[in-house]
Amino acid sequence: MKYLQAHIFSLLCWVALLLLQACYSAEDNISRILNRADSLMQNQADSALSLLEAIPSPEALPPEQSAYYGLLLTQAHDKTYIVHTDDSLIRAVAHYYDSTRQTALQAKSHYYYARVYQDNKNIPACVSEYLIAISKAEQSEENQVACLSYANLGSLFYFEDLNLKANSCYQRAERLAMQLNDSVRLAWILSNQGENYIAMGKDRYPEAKSKLYKAITLSQTIGNKSTERSASVSLSSLYNRLDSAELAVHYARRALLLNKNKQYYGGFLLLGKAYYKLGVYDSTKVYLAKSLPVNNYYTKAGAYMRLSEIAAIEGQFKEAVRFKDSLSRYQDSVRLNQQNVAIVSAIKDMDISEIHQKQIRYFGRFSYSLVAISMVLIVFILLFFYKRKKYRQVVWSSEVEHERLKTQLRGELEQKSLEIERLQYALKQIEVSNEQTYSLRSQIELLENDKKQILRSLFQHADIYQKMQRIIRYYKKYNDYKERFEQEDWLRLIASVDSSAQFKESLLSHNQSLVDDDIYLCYLLKMDLPVIDISIILGCTRDNIYKKKKAIVAKLSSPTTSKDLTTILNEIYPSL
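Chemist: What is the right way to look at the overall build of the protein in this model?
Modeler: The number of helices and strands found in the protein is 27 helices and zero strands. Every one of the 576 residues in the protein was classed for burial, and the buried ones make up 42%. Roughly 33400 Å² of accessible area belongs to the protein as shown, and the carbon and sulfur atoms make up 53% of that amount.

Chemist: Would you explain the packing of aromatic side chains in this entry?
Modeler: For any two aromatic rings, the description comes down to two numbers: the centre-to-centre distance and the angle of the planes. Scanning the entire structure with this criterion turns up twelve aromatic pairs. Measuring from ring centre to ring centre gives 6.2 Å for tyrosine 213 and tyrosine 251, while their planes differ by 70°; the resulting arrangement is edge-to-face. Highlighted residues: tyrosine 213 in helix H10 (residues 205-222) and tyrosine 251 in helix H12 (residues 245-258), separated in sequence by 38 residues. Taking relative accessible area as the criterion, tyrosine 213 reaches 30% and is therefore assigned partly exposed. On the basis of relative accessibility, which here comes to 7%, the residue tyrosine 251 falls in the buried class. Among the aromatic side chains, those forming a connected cluster through ring pairs are Tyr111, Tyr112 and Tyr130. The lysine or arginine in question, lysine 165, covers the ring of phenylalanine 157, its NZ or CZ lying 5.8 Å from the ring centre. Above the plane of the ring of phenylalanine 503 lies lysine 526, whose end atom (NZ or CZ) is 5.8 Å from the centre.

Chemist: Could you clarify how one ought to interpret the pattern of salt bridges in this entry?
Modeler: Think of it this way: side chains of opposite charge can pair up when their charged atoms draw near. Taken as a whole and judged by the stated rule, the model has twelve salt bridges. Among the ionic pairs, arginine 115 bridges to aspartate 78, the shortest N-O distance being 3.1 Å. Placement of arginine 115 in helix H5 (residues 103-119) and of aspartate 78 in helix H3 (residues 63-79) is noted, with a sequence separation of 37 residues between them. Aspartate 78 sits in the buried class, given a relative accessible area of 13%. The salt bridge partner of aspartate 533 is lysine 476, with a shortest N-O separation of 3.0 Å.

Chemist: How do you make sense of helix H4 (residues 88-100) when you look at a structure like this?
Modeler: Between its first and last C-alpha, H4 extends 19 Å over 13 residues, near the 18 Å set by a 1.5 Å rise per residue. For H4, the full list of buried residues reads Ile90, Val93, Ala94, Tyr96, Tyr97 and Asp98.

Chemist: Sorry, what's going on with unusual backbone geometry here?
Modeler: It is generally the case that most residues other than glycine have a negative phi and that most peptide bonds are trans. Positive phi, close to 55°, is recorded for glutamate 141, a residue that is not glycine. Topologically, glutamate 141 is positioned in the loop between helix H6 (123-140) and helix H7 (143-159). Unusually for a residue other than glycine, asparagine 181 sits at a positive phi of about 55°. Along the chain, the position of asparagine 181 falls in the loop between helix H8 (163-180) and helix H9 (183-199). For asparagine 181, a relative accessible area of 65% translates into the label exposed.

Chemist: Looking at this model, I keep getting lost on the environment of threonine 100. Mind explaining?
Modeler: Assignment of secondary structure puts threonine 100 in helix H4. Threonine 100 gets classed as partly exposed once you look at its relative accessible area, which sits at 30%. Of note is the side chain of threonine 100, whose polar atom sits 3.0 Å from the side chain of glutamine 102.

Chemist: Whenever I open this one, the side chain of asparagine 192 confuses me. Can you help?
Modeler: Examined against the element boundaries, asparagine 192 turns out to sit in helix H9. Residue asparagine 192 is classed as buried on the basis of its relative accessible area, which comes to 13%. Setting aside its immediate chain neighbours within four residues, asparagine 192 contacts Ser155 and Tyr170.

Chemist: Before we go on, may I ask you to explain the packing of helix H26 (residues 542-556) against helix H27 (residues 565-572) in this structure?
Modeler: When two helices pack together, their arrangement is given by the angle between the helix axes and by the axis-to-axis distance. Where H26 meets H27, the axes come as close as 10 Å, and the angle between the chain directions of the two elements is 40°. When the axis of H26 is compared with that of H27, the two are oblique. Read as a crossing pair, H26 and H27 show a hand that is left-handed. From H26, Lys549, Ile552, Val553 and Leu556 reach across to H27, where they touch Leu565, Ile568, Leu569 and Ile572.

Chemist: Explain the environment of isoleucine 132 to me, please; I cannot follow it from the model alone.
Modeler: Inspection of the secondary structure assignment puts isoleucine 132 in helix H6. By relative accessible area, isoleucine 132 is classed as buried at 2%. Sequence-wise, isoleucine 132 and alanine 114 are 18 residues apart; in three dimensions their C-alpha atoms are separated by 9.4 Å.

Chemist: Explanation requested: the nonpolar core in the structure shown.
Modeler: Note that soluble globular proteins tend to have their nonpolar side chains buried in a common cluster. The biggest cluster of nonpolar side chains holds 84 residues, and the ones touching the most others in it are Leu34, Leu52 and Leu153. Here this core gets ten residues from one element, more than from any other, and that element is H7. If you look at the next biggest cluster of nonpolar residues, it comprises 38 residues, including Cys522, Leu525, Met527 and Ile534.

Chemist: How should I be thinking about the confidence of the model for the protein in this particular structure?
Modeler: One rule of thumb: low pLDDT means the predicted coordinates there are not for detailed reading. Of the residues in the protein, 74% reach a pLDDT of 70 or more, and the chain-wide mean stands at 77. Within the protein, the lowest mean pLDDT, 47, falls on helix H18 (residues 353-366), and the highest, 91, falls on H8. Every residue in residues 15-25 is under pLDDT 50, and counting partners more than four places away or in other chains gives zero contacts. Low confidence marks residues 339-343, where pLDDT is under 50. Its contacts with residues over four positions away, or in another chain, come to five contacts.

Chemist: Quick question: what am I supposed to make of helix H25 (residues 531-538) here?
Modeler: Along an α-helix, residues three or four positions apart point the same way, because every turn accommodates 3.6 residues. With seven of its eight residues buried, H25 lies for the most part within the structure. Within H25 the residues assigned to the buried category are Val531, Asp533, Ile534, Ser535, Ile536, Ile537 and Leu538. At its buried positions, H25 is contacted by helix H21 (463-478), helix H22 (487-497), helix H24 (516-526) and H26. Phi turns positive one or two residues past the end of H25, at glycine 539, with a value near 70°.

Chemist: Could you clarify how one ought to interpret the packing of H7 against H9 in this entry?
Modeler: Between H7 and H9, the shortest axis-to-axis distance is 11 Å and the interhelical angle comes to 25°. When the axis of H7 is compared with that of H9, the two are roughly parallel. Crossing angle aside, the handedness with which H7 passes H9 is left-handed. When H7 is examined against H9, the residues Gln144, Cys147, Leu148, Ala151, Asn152, Ser155 and Tyr158 are found in contact with a partner set consisting of Arg185, Trp188, Ile189, Asn192, Glu195, Asn196 and Ala199. Split by residue class, the contact of H7 with H9 holds seven nonpolar, five polar and two charged.

Chemist: What am I meant to see in the side chain of serine 191 here?
Modeler: As for its placement among the helices and strands, serine 191 is situated in helix H9. Setting aside chain neighbours within four positions, we find serine 191 in contact with Leu212, Ala215, Thr227, Ser230 and Ala231.

Chemist: How should I be thinking about the environment of cysteine 169 in this particular structure?
Modeler: Positionally, cysteine 169 belongs in helix H8. Owing to a relative accessible area of 8%, cysteine 169 belongs among the buried residues under this scheme. Note: C-alpha distance between cysteine 169 and asparagine 152 (17 residues apart in sequence) is 8.5 Å. Sequence-distant contacts of cysteine 169, defined by excluding residues within four places in its chain, comprise Tyr150, Leu153, Gly154 and Phe157.

Thresholds applied
For every chain, the first residue of the written sequence is number 1, and numbering continues from 1 onward in sequence order. The model is predicted, so local features are restricted to residues of pLDDT at least 70 and side-chain atom pairs to those at 80 or more, both for listing and for counting; the totals for chains, interfaces and linings are taken over all residues. Just so you know, side-chain values use all the structure's heavy atoms and leave hydrogens and water out. Going along the chain from the N terminus, every DSSP run of H or I of four or more residues is numbered as a helix, and every run of E of two or more is numbered as a strand. Each residue's exposure class comes from its accessible area (1.4 Å probe, protein chains only) as a fraction of the maximum for that residue type: buried when under 20%, exposed when over 50%, partly exposed otherwise. Here the accessible surface of atoms and residues is derived via Shrake-Rupley with a 1.4 Å probe, and residues count as covered only by protein chains that are part of the display. Any two rings among Phe, Tyr and Trp, with Trp reduced to its six-membered ring, count as a pair given centres within 6.5 Å; such a pair is stacked if its planes are under 30 degrees apart, edge-to-face if over 60, and tilted if neither. Geometrically, a lysine NZ or arginine CZ counts as sitting over a ring once it is within 6 Å of the ring centre and also within 35 degrees of the ring normal. By definition, a salt bridge exists where a carboxyl oxygen of Asp or Glu is found within 4 Å of a side-chain nitrogen of Lys or Arg. For a helix, the expected span equals 1.5 Å multiplied by the residue count minus one. Side-chain atoms alone can form a polar contact between residues adjacent in sequence; in general such a contact is a pair of N or O atoms within 3.5 Å, and within protein one must be able to donate a hydrogen while the other accepts it. Whether two residues are in contact is decided by their heavy atoms: any pair within 4.5 Å suffices. Here an angle of 0 to 180 degrees is reported between the N-to-C directions of two axes, which are lines fitted to C-alpha atoms, with helices fitted over the stretch in contact. Working rule for angles: under 35 degrees goes down as roughly parallel, over 145 as roughly antiparallel, 65 to 115 as roughly perpendicular, anything else as oblique. Note on convention: the crossing is left-handed when the near helix lies turned anticlockwise from the far helix by less than a right angle, right-handed when the turn is clockwise. Take the buried residues of types Ala, Val, Leu, Ile, Met, Phe, Trp, Tyr and Cys, join any two whose side-chain atoms come within 4.5 Å, and each joined set is a nonpolar core. pLDDT is a residue-level measure of predictor confidence that goes from 0 to 100. Asp, Glu, Lys and Arg are counted as charged, while Ala, Val, Leu, Ile, Met, Phe, Trp, Tyr, Cys and Pro are counted as nonpolar; the rest, among them Gly, fall into the polar class.

Spelled out as structure tokens, the structure:
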């Protein structure tokens, strides 16, 4: 009996050892796959992705392997240009590496967290994660992550017209790329830096030219046609601005030759603009026509602008008007697709201090000792007073900037008004020239549009506009009113957008039976506010707004009219 028990015990021990060995073998095998995928990532990202996707039941991996797997999978998706749609995986990865304080992997995880946010158009969060990645990369001397983060930050700032911030980021990225001896990334950064210098204005054109030529030379050395094409596009644009039409054509054609896609609509537009500058209108029209099938509103708007100008020059006025109508339509679409002002403001306010705030939050989350908690409390108290002082400085700076902008806009408004008067006087002196008349009227129309935009910008800096936006935001968030538009607010609004109340007088001259609510609705429509926002301000439903619009149409025009209220209002008073 004792012999049988000993035999069974020995057998169980052997089984346990075999199972333990199998577990360790499985873990070792997963580790080998992950290390292999990491080694392939730089040059064979597709192969790395295939290895990672072949791992069975990744959700059952131990925490360390699970985090490493999640980081590598996100990196492989990024390098194979798969758009990130979900941040849950990389969020868990960043959380794990923050808790284990592995600084190099923290830097990498926050970099790819930023890439996920970037694909999902969450720009403020994306910028914040890049700043954390930079901080961790500098602590751990992960220069490659720091270089990528600075370069991507520069691109984000460039696309939001924050050119000084973009330039600062590109300069740091350039230095790091040179330290790493990374020619591919350096060429890309130089190309982007040159494009940013162009956006900064004429004073920076020499620097732009220098950076772009360096980018092209380096790209040719390493055989990187993509970056060479981008730099050629920017050089063509630069020479267009410098009125060097032949060089603009040369680099535009070069960009087309370097592009793999035969339907390079942006390249067609670029070459069309270059030929326009050269005065070769037949070639201009050919390439502009080739650019039109694209779905990009910016490209279409640019093409129709040049086509309208050529038609006007050639005396084809009907064609010019038709092209101009198309231009207006696509310009409206461009405005609708532009980044929200709130997002741009959020980016402007971000700085390296965001990194320190994040570090403080992580420190408080993962520190358990009494000493650490005390330190966090002290830091938060200091931060509170610092923020309070900083907030007062920001408020003061904001007020100063606000007044400066208003003064600048008023000056521009006065200048536009004088220019309109000058052109109208010139128009009266012309007796019979259709071409001159059309040209002057087109200039006057453009100046009138500029004047409207300046007036709207001035209105957006007014206190009454801020109150309007507060009411709309609060109602959309809570479905209730914290404050409402009172009678004196309406008077202030009308004074802000129509100081002499000429629009109101024009409306009443058409029909004296218009009540105050009718007039208020007309002003809001002239401001191009969405119906939902108008209904919030007026405190009624959207259905009521549509009914009111129909009632006003009946008062201002004949019963058989097919025109909508906005068209009628523009005919009554086009200047507002």
